[in-house]
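Residue-level structure breakdown
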Amino acid sequence: FEKTINDNGLIVHKVIWDWLFLDEFLKNLNPKNSLEIGVYQGLTYSLIHKYSQQSLGIEINKKQKYPKEWNILYKDSSNLDTDDLGKNFFNFIDIDGDHSYAGAINDFKKCKLHINDGSINFVDEYSHIKGVLDATNHFLKENKNIFLKCQGISQVFLVTKKSEKIFDEVISKFSKKTAKLLN
């Protein structure tokens, strides 16, 4: 985790802000179908699985082990085909796979068929890895109906006009305790 020193001289892990935000966000969104490309250690997927009615995680590393109840497909996202992701649209998509420009572009292309006006897209490592930043900005230029709504320390949320209303409604449900922590 990225560290900084707060006003009281205490070490604070800045990325924890992103995780707290995402925890509260997914709890209030309660998505029907969620997807994460790049499960890795499972920190984000643990939230996605906890709060989603159905979730799918894509992970390339077959040595990674996860709880049995998690729906994990061990596959390189560059080799995903339409059958792997099903025919559903996802309400929430987390792109956190290959952090190279080409890898992130691939992940956006694979997900695009499963994005609709109600989808909220989450991109991790946006602020920290140039390939992810550039691929996300390329995706936004090609998809004028999708725009950046919110940026955390290392993550961004991408929405459409319709999903922006969903996003704002979800944020309005944040507990006062969490809102205070995040300010």
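Our subject in this report is the structure included herewith. Each chain has its residues counted from 1, running along the sequence as written. Predicted model: local features are reported for residues with pLDDT of at least 70 only, side-chain atom pairs are reported and counted for 80 or more only, and whole-chain, interface and lining totals are derived from all residues. The side-chain quantities take in all heavy atoms of the structure and omit both hydrogens and water.

**Side note on the overall build of the protein**
Within the protein, the secondary structure is distributed over seven helices and nine strands. Computation of the radius of gyration draws on C-alpha atoms, with the globule rule given as 2.2 Å multiplied by the number of residues to the power 0.38. Over its C-alpha atoms the protein spans a radius of gyration of 16 Å, differing by no more than 12% from the 16 Å that the globule rule assigns to 183 residues. The buried label applies to any residue whose accessible area, calculated with a 1.4 Å probe on protein chains only, is under 20% of its type's maximum; exposed applies above 50%, and partly exposed to all values in between. Counting every position in the protein, which comprises 183 residues, the buried fraction comes to 46%. Throughout, a contact is declared for two residues whenever any of their heavy atoms are within 4.5 Å. Taking all contacts inside the protein whose residues are at least 6 apart in sequence as the whole, residues at least 24 apart take part in 59%. Accessible area of the protein: about 10,200 Å², with a carbon and sulfur share of 52%. Within the protein, one finds 25 positive and 24 negative side-chain charges whose respective centroids are separated by 3 Å. Secondary structure elements follow DSSP: runs of H or I no shorter than four residues count as helices, runs of E no shorter than two count as strands, and numbering proceeds from the N terminus. For the accessible areas, the method is Shrake-Rupley and the probe is 1.4 Å, while residue cover comes only from the protein chains on display. Under the counting rule used here, the positive set is Lys and Arg, the negative set is Asp and Glu, and His together with the chain ends is not counted. Just so you know, the charge point we use is NZ for Lys, CZ for Arg, CG for Asp and CD for Glu.

**Focus on the pairing of strand 9 (residues 156–159)**
Here strand 9 shows two buried faces, one formed by Val156 and Leu158 and the other by Phe157 and Val159. Strand pairing requires that DSSP identify at least two bridges connecting the strands. The pairing of strand 7 (residues 120–123) with strand 9 spans three bridges and is classified as antiparallel. Pairing of valine 123 across the sheet is with valine 156, part of strand 9. Of the pairings in the sheet, the one linking strand 8 (residues 147–151) to strand 9 comprises four bridges and is antiparallel in character. By the bridge assignment, cysteine 150 is partnered in strand 9 with phenylalanine 157.

**With respect to the sheet that holds strand 4 (residues 54–59)**
Here seven strands make up an open sheet; going across it, the order is 5-4-3-6-7-9-8 and the pairing mixed. Edge positions in the sheet fall to strand 5 (72–74) and strand 8, since each has one partner strand and no second. Within the sheet, the average angular offset between the axes of one strand and its neighbour, ignoring direction, is 20 degrees. Bridge count for strand 3 (residues 33–37) against strand 4 is five bridges, and the pairing is parallel. Under this scheme, a helix contributes an axis fitted over its contacting stretch, all axes are lines through C-alpha atoms, and angles between N-to-C directions fall in the 0 to 180 degree range.

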